[in-house]
Amino acid sequence: MPATLEVKCTNDECELDMFEMHYTYDMPDDVGVSDFQCPYCTRTDTLREIEL
Ligand SMILES: [Zn+2]
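Below is a short write-up of the structure. A quick note: this is a predicted structure, and the numbers were derived from the prediction, not measured. (Residues numbered from 1 in each chain as written. Predicted model: local features only at pLDDT ≥ 70, side-chain atom pairs only at ≥ 80, totals over all residues. Heavy atoms only, no water.)

### Observations regarding the side chain of Asn11
Consideration 1: Tracing the backbone through its elements, the reader meets Asn11 in the loop between β1 (4-9) and β2 (18-22).
Consideration 2: By relative accessible area, which is 11% here, Asn11 ends up buried.
Consideration 3: Within the structure, Asn11 has its side chain in polar contact with the backbone nitrogen of Glu13 (distance 3.0 Å).
Consideration 4: Excluding its chain neighbours within four sequence positions, the residues that come into contact with Asn11 are Cys41, Arg43 and Thr46. (Helix = DSSP H or I, 4+ residues; strand = E, 2+ residues; numbered from the N terminus. Buried < 20%, exposed > 50% of the residue type's maximum accessible area, 1.4 Å probe, protein only. Polar contact = N/O pair within 3.5 Å; in protein donor to acceptor, adjacent residues only side chain to side chain. Contact = heavy atoms within 4.5 Å.)

Below is the structure:
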């Protein structure tokens, strides 16, 4: 299965708690959470992957 990531935004000002990202098989291995931005506050340095 392609990777599924649970991601949390750690910006205190942001009302987004967490979201899930679903990759396809074509996503390169070196793409990580730091390559994305928060869909709500659009910051890139506040996203953390949640280890389940
Ligand atoms: Zn945010």
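### So, the coordination of the zinc ion
Consideration 1: For the zinc ion, the full set of protein donor atoms is Cys9 (SG), Cys14 (SG), Cys38 (SG) and Cys41 (SG), at a range of 2.2 to 2.4 Å.
Consideration 2: Around the zinc ion sit four donor atoms, and with donor-metal-donor angles ranging over 102 to 112° the site reads as tetrahedral.
Consideration 3: The sequence pattern formed by the donor residues of the zinc ion is C-x4-C-x23-C-x2-C.
Consideration 4: Among the residues examined, Cys38 registers a relative accessible area of 0% and is labelled buried.
Consideration 5: Looking at Cys41, the relative accessible area reads 21%, which means it is partly exposed. (Donors = N, O, S within 2.8 Å, 3.2 Å for Na, K, Ca; no water. Tetrahedral: all angles 85-135°; square planar, octahedral: opposite > 155°, others 65-115°.)

### Some points on the nonpolar core
Consideration 1: Counting ten residues, the largest nonpolar core consists of Leu5, Val7, Cys9, Cys14, Phe19, Met21, Tyr23, Val33, Cys38 and Leu47.
Consideration 2: Sorting the residues of this core by element identifies β1 and β2 as the ones contributing at least two each.
Consideration 3: Filtering out sequence-adjacent residues up to four positions away, Leu5 remains in contact with Phe19, Glu20, Met21, Tyr23 and Glu49. (Core = buried A, V, L, I, M, F, W, Y, C linked by side-chain atoms within 4.5 Å.)

### Remarks on the sheet that holds β1
Consideration 1: With antiparallel pairing, three strands are arranged side by side in an open sheet as β2-β1-β3. The sheet is open, and its two edges are formed by β2 and β3 (47-50), each paired on a single side. Taken pair by pair, the neighbouring strands of this sheet meet at an average axis angle of 35°, ignoring direction.
Consideration 2: Relative to β3, β1 runs antiparallel, the two sharing four bridges. Bridging across to β3, Val7 finds its partner in Glu49. (Pairing = 2+ DSSP bridges. Axes fitted to C-alpha atoms, helices over the stretch in contact; angles between N-to-C directions.)

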